[in-house]
2 protein chains.
Amino acid sequence: MNIVIDAFGGDNAPLEVIKGSIKAHNDFGVGITLVGDENKIKECAQSNSLDISQLKIKHADSVIEICDDPRQILKEKKDCSMAVGMKMLADGEGDAFVSAGSTGAIVCGALFIVKSLDKKLVKRPALATVLPTAGKPTMLLDSGANLDCKPETLVQFGVMGSAYMQKIMNVDKPRVALANIGAEESKGRDLDKAAYKLLETAPVNFVGNIEARQLPLGDCDVCVADGFSGNLMLKLYEGMGIFFSNELKGIFKKNVKTKLAAAMVMKNIKDFKKKVDYSEYGGAPLLGTAKPVIKAHGSSDAKAFYNAIRQAKLFTETKVIDTMTQALSQIKQEQAE
Amino acid sequence: MNIVIDAFGGDNAPLEVIKGSIKAHNDFGVGITLVGDENKIKECAQSNSLDISQLKIKHADSVIEICDDPRQILKEKKDCSMAVGMKMLADGEGDAFVSAGSTGAIVCGALFIVKSLDKKLVKRPALATVLPTAGKPTMLLDSGANLDCKPETLVQFGVMGSAYMQKIMNVDKPRVALANIGAEESKGRDLDKAAYKLLETAPVNFVGNIEARQLPLGDCDVCVADGFSGNLMLKLYEGMGIFFSNELKGIFKKNVKTKLAAAMVMKNIKDFKKKVDYSEYGGAPLLGTAKPVIKAHGSSDAKAFYNAIRQAKLFTETKVIDTMTQALSQIKQEQAE
């Protein structure tokens, strides 16, 4: 197995990418190809005394920036590390791809370079994010790749998310829910009402609508949403985390007494932080692509890259894309009948 | 001034409604009419030794339940406390209305009984919620009354929210932002892109798009969203609050040492809780109605009703509805030119 890594994606590239890749190679025994400026990668490894002799390097001249137009990856920036890495997947030179670069560019590249698992079954890939909750982690999809969705698209999200949670996250019969403004079937926009009906007969464990209040409480395993709603929820999730974390810090830093109190609960706070730490789950997989593509968080450190590579390995060896394809074909056939 | 209160709306009716109303009458010197079953109101007051001699009572036979179809308020449940209270407003027998009953029924009643401030200017009222943030509170609208919006509707939300925050919450030049998936003008669905353009020339201090991550950090004073997105954000806000609050309780209750730590920061935690306590802000005003209508939280206690009545008084005496009407007329004229 050869996992292709964008060595120049994210805020901490290439050092943290290299560190995470070395550890993942040693622990998991997977082949790893770092994509990016060969000299820079070697210099970075040398100046940090990192042995990259076991990793392959695929040279790429440039890097796509967050501020670039995502579509540039297809034309002006064809030689950027992200585009070159995805091209390797498309050409059969790699089994999975990981990047912490621009989300827009990854979605664009996944769509036009890696392409769909089957264009008749999935038109565009979905970005799936695993969120910490009071219970087990929940997958939210789409979290930003498809702003305008049809009912059929939402059903595809449910089917793909369910397969992923079952095979990669070991959730038995994942509870698939539709993000909506109320629990009743009659709630929501025309899109949501139609998607509800289709999800009822889809080959998933559909548990109905979920109000956003219940999401952090862990009331479902897969939360289906259009990409606009999903992105708002994902980012609000992050923002609320920052808000509460800052307020808590403020409370504990107030005076000598509160600082002492902080020291007394520090271990428990750290346990909680670990529980809500996205880097534990790897990255956000794109679902619906022909081969596994994983978007690591922009601020990923070595541990996050390490976990994203473990996730890419699982994504490949569990053949979850085949499972998704089968389930999606089944729906397609039933619709035709 | 006569403020009409639904005595049978919410989980703690009628006792907490009566308590909040007595205190509000004494402190603010406003006339108050309690709407609901006269005998039950009198019995409740008597058995709790509450003097309601200064309050008026308007008898209503029934109550609309959360589970009833909201539209029943117009036909089968015409005699419920909520419908009777709103009818008083429409007939000029009251100046503002407060209820902690079903949101759907209040929106429906506001639309068909109280009616629009001007049908040519606003087709349907918006539900506006004031959210606590790291900075000053932010108004989120629409938070669930209008699922399908046009660009013009979003602009109306911005104009009405801005007038409200300025006149009632004393915010100078409220920063109006559009909830979106990115900061750039080009981001979002067709709806969002069109609304962005219109907001740029609207008579408000438009500060551009806001990502949901920034909302709890207090980066705007008015956050404009379609009712579907707004409702998801509002409820996720609540859910994240419950999630963190429960986790924090769990941390502090772990053992003797953590319990001691909890005691040491209790005052500071309480200060924070007060800061994020919705009942401090009263209720969620409906904006776009001919007269002030306020939806109090379903679990409102006497303090929340007291604050909602103060808010209703301000809503009336600041004549903010006139301000909204003027601003909306201005937009309408500019569009016609």
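Whatever comes next refers back to the structure up there.
Reading guide: rules and limits
- Residues numbered from 1 in each chain as written.
- Chains lettered and ligands numbered in written order.
- Predicted model: local features only at pLDDT ≥ 70, side-chain atom pairs only at ≥ 80, totals over all residues.
- Heavy atoms only, no water.
- Pairing = 2+ DSSP bridges.
- Helix = DSSP H or I, 4+ residues; strand = E, 2+ residues; numbered from the N terminus.
- Axes fitted to C-alpha atoms, helices over the stretch in contact; angles between N-to-C directions.
- Contact = heavy atoms within 4.5 Å.
- Buried < 20%, exposed > 50% of the residue type's maximum accessible area, 1.4 Å probe, protein only.
- Right-handed = clockwise from strand over helix to strand, strands pointing away.
- Salt bridge = Lys/Arg side-chain N within 4 Å of Asp/Glu carboxyl O.

(A) Inspection of the sheet that holds strand 11 (residues 293-295) of chain B at higher detail. Residues and elements named next belong to chain B. Read from one edge of the open sheet, eleven strands run 3-2-1-4-11-10-5-6-9-7-8, paired in mixed fashion. If you trace the sheet from one side to the other, it starts and ends with strand 3 (56-59) and strand 8 (205-210), each paired once. Direction aside, the axes of adjacent strands within the sheet are offset by 25° on average. Direction of pairing for strand 6 (residues 138-141) relative to strand 9 (residues 222-224): parallel, over a ladder of three bridges. Bridging from a neighbouring strand, Leu140 pairs with Cys223 of strand 9. Against the sheet, helix 9 (residues 302-317) touches strand 1 (2-6), strand 2 (31-36), strand 4 (96-99), strand 10 (284-287) and strand 11, its axis set at about 155° to strand 11.

(B) Structural view of the sheet that holds strand 1 (residues 2-6) of chain A. Residue and element names in this part refer to chain A. Pairing is mixed in the open sheet, where eleven strands are placed in the order 3-2-1-4-11-10-5-6-9-7-8. Sheet topology places strand 3 (56-59) and strand 8 (205-210) at the edges, where each strand pairs with a single neighbour. Pairwise comparison of adjacent strand axes, ignoring direction, gives a mean angle of 25° for this sheet. Of the strands in this sheet, strand 1, strand 2 (31-36), strand 4 (96-99), strand 10 (284-287) and strand 11 (293-295) touch helix 9 (residues 302-317), which is tilted by about 155° from strand 11.

(C) Region of the structure containing the pairing of strand 1 of chain B. Residues and elements named next belong to chain B. When you tally the buried positions in strand 1, you get five out of five residues, the bulk of the element. Burial of the side chains of strand 1 extends over both faces: Asn2, Val4 and Asp6 are buried on one face and Ile3 and Ile5 on the other. Handedness of the crossover is the feature at issue here: the chain leaves strand 1, passes through helix 1 (residues 15-28), returns alongside strand 2, and the resulting connection is right-handed.

(D) Fine view of the pattern of salt bridges. Tallied over the entire structure, the rule returns 28 salt bridges over all chains. Salt-bridge contacts for Lys235 of chain A lead to Glu211 of chain B; the nearest nitrogen and oxygen are separated by 2.3 Å. On the criterion of chain membership, the pair formed by Lys235 of chain A in helix 7 (residues 227-252) and Glu211 of chain B in the loop between strand 8 and strand 9 is interchain, its members lying in two chains. One exposure class covers both Lys235 of chain A and Glu211 of chain B, and it is buried. Lys313 of chain B serves as the salt-bridge partner of Glu317 of chain B, at 3.4 Å between the closest nitrogen and oxygen. Taken together, the positions of Glu317 of chain B and Lys313 of chain B, both in helix 9 and four residues apart, correspond to about one turn of that helix.

(E) Structural context of the pairing of strand 10 of chain B. Residues and elements named next belong to chain B. Both faces of strand 10 are covered, namely the face carrying Ala284 and Leu286 and the face carrying Pro285 and Leu287. Strand direction decides the pairing type here: strand 5 (residues 126-131) and strand 10, joined by two bridges, are antiparallel. Across the sheet, Ala126 pairs through a bridge with Leu287, a residue of strand 10. Across three bridges, strand 10 lies against strand 11 in antiparallel orientation. Paired with Leu286 across the strands is Val293, a residue of strand 11. Once strand 10 ends, the chain turns through five residues before running back antiparallel as strand 11, passing Gly288 with a positive phi of about 115°.

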